[in-house]
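Descriptive analysis of the structure
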Amino acid sequence: MWLNPIVKRDVRVQSRSMKICWGVFAYELILSFVFFVAMMVIEQGNRYSTNNIYSALVWLYPVLAVTQLIILGIVVPVRTASSISGEKERQTFDIMMTTGMTPFSIILGKVMTAVVQSMFFVVASMPVMALCFVIGGMSISYLFWFLGVALLVSVFSASIGILCSSLCKRSISAVIMSYVFYIVFFVGTAAPFFIYAIVEARRSYQGMAPYNHGENTALFFLLNPAVYLIEFFVKVMSGESFVSIFSNLTGTVQKKELISYVASGNWWMIISTVLFLAVSFSFLLLAARRINPIKKRKVKV
Amino acid sequence: MLQIDHLYKNYGKFQAVNDLTLHIPKGDLFGFVGPNGAGKTTTIRMVCGLMLPAAGGIMINGVNALLHQKEIKKQIGYVPDFFGVYDNLKVKEYMDFYGSMYRMSSREIERISDDLLELVNLSDKKEVFVDTLSRGMKQRLCVARALIHNPALLVLDEPNSGLDPRARVEMKELLLNLQSMGKTIVISSHILSELSEMCNSIGIMDHGNLMAAGRIEEVMEGVFGSNQLIITLDSGRETAIRVAMEYPGVKISSAGEQEIRLSHTMTKEEIAKMIGAMIANDVVVTGFHKQEGNLETLFMRVTGKEEGGQEHVAESNR
């Protein structure tokens with residue numbers, strides 16, 4: 001089986017470095033710290049309560065999972081943002097571009113390396129995560145759900161990082177640009193809903209028109225990483241859809257509204273996952289096009 | 001092997017390569033000569049598919065390099081002027097990495113890299129980390145890396161820059177060895193003496209223009225003229241000039257007190273007869289020889305940095 005040589009090389013080189021050991025150590029340290037803080041909070045909260053403490057301990061799962069996803073979301077773009085620009089800084093990029101690898105396979109190799117590394121961290125954290133399952137109340141299938149979400153977060157973050165890496169000459173600029181992209185996804189996708197709500201509220205207040213919530217603008221949240229994660233954890237913990245609850249806050253959503261269909265069942269998660277994968281893939285294609293020195297354009301012969 | 005047709009490249013208003021047409025036959029060791037900013041590296045980068053020309057065509061082994069990138073990459077091995085290596089990677093892993101980029105099997109890579117490392121004199125360094133090698137060793141390793149997929153054309157951009165004299169000699173020997181194996185090699189360099197020792201053809205670039213190109217001896221002949229004769233004498237300068245002028249096609253290029261330079265269309269026998277006539281007329285001829293140029297003087301003349309340079313080139317190009 002042909003393994004992408006970049007993945008093979010990067011994993012080999014990085015596994016020889018002490019950086020990876022320190023990285024795992026720091027990762028486990030943060031998770032352990034969060035675990036103990038969460039335990040303390042739960043224990044304090046249940047000290048004067050008649051509730052069973054074990055029912056509260058299930059909340060360790062979302063706490064640890066969110067911590068891990070946040071770490072991945074922060075670390076993965078840093079790693080990929082320096083991958084192409086790092087090759088340029090190291091002066092190995094030109095050589096790579098003259099080999100038999102296509103620009104897309106180079107980009108894919110870099111992204112796969114980042115994903116493999118992040119999954120390595122996630123797997124290394126399993127002993128800490130397992131504590132949530134030992135206590136009970138959680139199905140083991142949630143663990144695989146979490147792995148799937150962690151994989152998606154890694155792919156999405158890596159694709160943002162690699163695109164920025166292909167756009168910038170210097171690694172530091174690429175890292176900064178990656179976080180700007182994050183802001184665009186977090187804030188930009190929430191903006192239409194809130195802007196529409198504010199505009200409608202003003203119009204309604206001025207008596208110009210009856211208040212229209214425009215719930216369908218919430219569809220932009222399909223590409224909001226925060227909403228995706230909240231939806232995931234609310235679904236896991238309560239079995240309900242956060243988006244459905246959120247969009248029904250006013251109680252005015254009509255059945256015929258598109259949002260009411262999208263927010264039902266698991267559709268939000270499915271559509272959102274597909275959209276995130278599509279965006280990631282298009283970012284990879286853009287990055288591959290960007291690094292290709294011979295872009296398809298006419299040359300006068 | 002390599003055919004470049006009317007190639008143009010500009011960076012904004014700066015014309016880096018201007019109407020470059022060049023043919024390099026198979027098995028040639030071609031030296032690209034030119035001052036900084038002449039357009040050598042730009043040309044090399046376009047040949048290697050690292051840059052798109054503004055106009056023109058590049059054919060390698062009959063394949064259009066601008067249209068069939070995938071095919072062309074298999075035919076080219078590229079050694080850049082500056083390159084880095086990966087930390088924590090051993091020499092054999094370095095070769096394995098680049099070999100697998102051409103989708104070669106591990107067994108094939110191992111076999112070929114063993115041969116190549118032996119060729120570049122690094123077979124005892126297989127287990128050594130690449131970043132610990134000396135600059136000369138890294139350069140030789142880079143050549144081995146460029147040959148891992150057995151390309152027909154090897155392109156080296158300033159391979160000797162930053163190398164010590166010993167490493168330069170080793171590199172020269174390696175390139176001559178590769179040429180004897182039938183590889184076509186294009187090398188750009190500033191070190192003219194080295195190029196003249198190993199290249200059989202050259203191209204001289206200046207300000208994006210190809211000033212002269214071809215077999216070294218042909219270019220020399222074109223620039224210096226094939227029939228330049230230098231006669232050294234102790235006395236009888238005037239008589240010598242008079243005698244020389246009696247022979248058809250003789251033009252006096254310069255006449256010093258003890259040296260006369262002339263261009264002519266005479267045969268060897270006629271030259272002997274002319275020298276004999278000079279001696280018979282009491283001219284004390286101490287020696288005579290055909291004028292031989294070297295790459296340095298050729299370069300200076302072609303790039304117009306020596307008096308009469310551009311005129312000579314224009315004449316030779318005609």
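**Brief notes about the pairing of strand β1 (residues 2–11) of chain B**
Residues and elements named next belong to chain B. Here 5 bridges tie β1 to strand β4 (residues 55–60), and the two strands are oriented antiparallel to one another. Residue Y8 lies in a different strand from β4, and its bridge partner there is A55. Relative to strand β2 (residues 14–24), β1 is paired through 7 bridges, and the arrangement is antiparallel. Bridging across to β2, Q3 finds its partner in H23. Between β1 and β2, which follow one another and run antiparallel, lie 2 residues, and G12 among them has a positive phi close to 65°.

**A few points about helix α3 (residues 91–101) of chain B**
For α3(B), the tally of buried residues reaches 10 of 11 residues, placing the bulk of the element in the interior. Every buried residue belonging to α3(B) is among V91(B), E93(B), Y94(B), M95(B), D96(B), F97(B), Y98(B), G99(B), S100(B) and M101(B), and all of these are buried. Among the structural elements, α1 (5–16) and α6 (93–97) of chain A together with α4 (106–119) and α5 (135–146) of chain B are those in contact with the buried residues of α3(B). Immediately downstream of α3(B), the backbone of R103(B) shows phi near 60°, a positive value.

**Some details on the packing of helix α5 (residues 83–90) of chain A against helix α9 (residues 141–167) of chain A**
All names here are of chain A. Interhelical geometry of α5 versus α9 gives an angle of 35° and a closest axis separation of 6 Å. Contacts between α5 and α9 involve S83, I84, S85 and K88 from the former and I162, S165 and S166 from the latter. Classifying every residue of the contact of α5 with α9 by side-chain character gives 2 nonpolar, 4 polar and 1 charged.

**Considering the interface of chain B and chain A**
Interface size, as often reported, equals the accessible area lost upon joining of the parts. Each partner contributes residues to the interface: chain B has 35 residues there, and chain A has 28 residues. With both chains or domains summed, chain B and chain A bury close to 3100 Å², and 61% of this area falls on carbon and sulfur atoms. For the chain B face of the interface with chain A, the top three residues by lost area are L52(B), Y86(B) and M101(B), together amounting to 21%. Across the contact surface, chain B and chain A share 4 salt bridges. Where D94(A) meets R45(B), a salt bridge forms, and the shortest distance between an N and an O atom there is 2.6 Å. Broken down by secondary-structure element, the contributors of at least two residues to the side of chain B that touches chain A are β4, α2 (69–75), α3 and α5 of chain B. The element best represented in the side of chain B that touches chain A is α3(B), accounting for 6 residues. Across the side of chain B that touches chain A, the residue classes tally to 21 nonpolar, 6 polar and 8 charged.

**Section: the pattern of salt bridges**
Residues and elements named next belong to chain A. Following the criterion strictly, the structure yields 20 salt bridges over all chains and no others. E87 serves as the salt-bridge partner of R9, at 3.4 Å between the closest nitrogen and oxygen. On the criterion of sequence distance, the pair formed by R9 in helix α1 and E87 in helix α5 is long-range, its members being 78 residues apart. Looking at R9, the relative accessible area reads 3%, which means it is buried. The exposure class assigned to E87 is buried, which follows from its relative accessible area of 0%.

**Quick notes on the nonpolar core**
Residues I60(B) and L175(B) are the most contacted members of the largest nonpolar core, which totals 151 residues. Per-element accounting of this core gives the leading share, 12 residues, to α9(A). Here L175(B) is in contact with L29(B), L154(B), L156(B), I185(B), I187(B) and M198(B), once residues within four sequence places are set aside. Grouped together as the second largest cluster of nonpolar side chains are 18 residues, Y247(B), M266(B), M274(B) and V285(B) included.

**Describing the sheet that holds strand β9 (residues 201–206) of chain B**
All names here are of chain B. Ordered by their spatial adjacency, 6 strands build an open sheet running β6-β7-β8-β3-β9-β10, and the pairing between neighbours is mixed. Only two strands of the sheet have a single partner each, and these edge strands are β6 (76–79) and β10 (209–215). Across the sheet, the mean angle separating the axes of adjacent strands is 15° when strand polarity is ignored. Summarising the sheet, β9 and β10 pair through 6 bridges and their orientation is antiparallel. Among the inter-strand pairings, D206 is bridged to a residue of β10, identified as N209. Helix-sheet contacts for α5 involve β6 and β7 (153–157), and the interaxial angle to β6 is about 165°. Across the face of the sheet, helix α6 (residues 165–180) comes into contact with β3 (29–33), β7 and β8 (184–189) while running at roughly 155° to β8.

**Comments concerning a nonpolar patch on the surface**
Among the surface-exposed residues, M18(A), W22(A), F25(A) and L29(A) lie close enough to one another that they form a single nonpolar patch of about 490 Å² accessible area. Checked against the element boundaries, L29(A) lands in helix α2 (residues 18–46).

**So, the confidence of the model for chain A**
Within chain A, residue pLDDT values average 82, and 87% of them lie at 70 or more. Taken element by element, the predicted model of chain A shows its lowest mean pLDDT in helix α3 (residues 53–57) of chain A (69) and its highest in helix α15 (residues 267–291) of chain A (92).

**Some remarks on empty space enclosed by the protein**
Evaluated as defined, the whole model comprises 3 cavities of 30 Å³ or more. A volume near 50 Å³ is recorded for the largest cavity. Looking at the largest cavity, the residues that line it are L2(B), I4(B), I24(B), F32(B), T43(B), I44(B), V47(B), V155(B) and V186(B). Secondary-structure elements contributing two or more residues to the lining of the largest cavity are β1 and α1 (40–47) of chain B. The biggest single contributor to the lining of the largest cavity is α1(B), with 3 residues. Split by residue class, the lining of the largest cavity holds 8 nonpolar, 1 polar and no charged. As for the second largest cavity, its lining consists of P5(A), K8(A), R9(A), R12(A), E93(B), D96(B), F97(B) and S100(B). Looking at the lining of the second largest cavity, the elements with two or more residues in it are α1 of chain A together with α3 of chain B.

Conventions and cut-offs
Residues numbered from 1 in each chain as written. Chains lettered and ligands numbered in written order. Predicted model: local features only at pLDDT ≥ 70, side-chain atom pairs only at ≥ 80, totals over all residues. Heavy atoms only, no water. Pairing = 2+ DSSP bridges. Helix = DSSP H or I, 4+ residues; strand = E, 2+ residues; numbered from the N terminus. Buried < 20%, exposed > 50% of the residue type's maximum accessible area, 1.4 Å probe, protein only. Contact = heavy atoms within 4.5 Å. Axes fitted to C-alpha atoms, helices over the stretch in contact; angles between N-to-C directions. Nonpolar A, V, L, I, M, F, W, Y, C, P; charged D, E, K, R; others polar. Buried area = accessible area lost by both parts, 1.4 Å probe. Salt bridge = Lys/Arg side-chain N within 4 Å of Asp/Glu carboxyl O. Core = buried A, V, L, I, M, F, W, Y, C linked by side-chain atoms within 4.5 Å. Patch = residues over 30% accessible without salt bridge, like charges linked within 9 Å, V, L, I, M, F, W, Y side chains within 5 Å. Areas by Shrake-Rupley, 256 points an atom, 1.4 Å probe, with all protein chains shown as cover. pLDDT = per-residue confidence, 0-100. 1 Å grid on protein atoms, 1.4 Å probe; cavity = no way out; pocket = protein on both sides within 12 Å on 5 of 7 lines; lining within 4 Å. Points joined across faces, edges and corners; volume = space filled by probe spheres on them.

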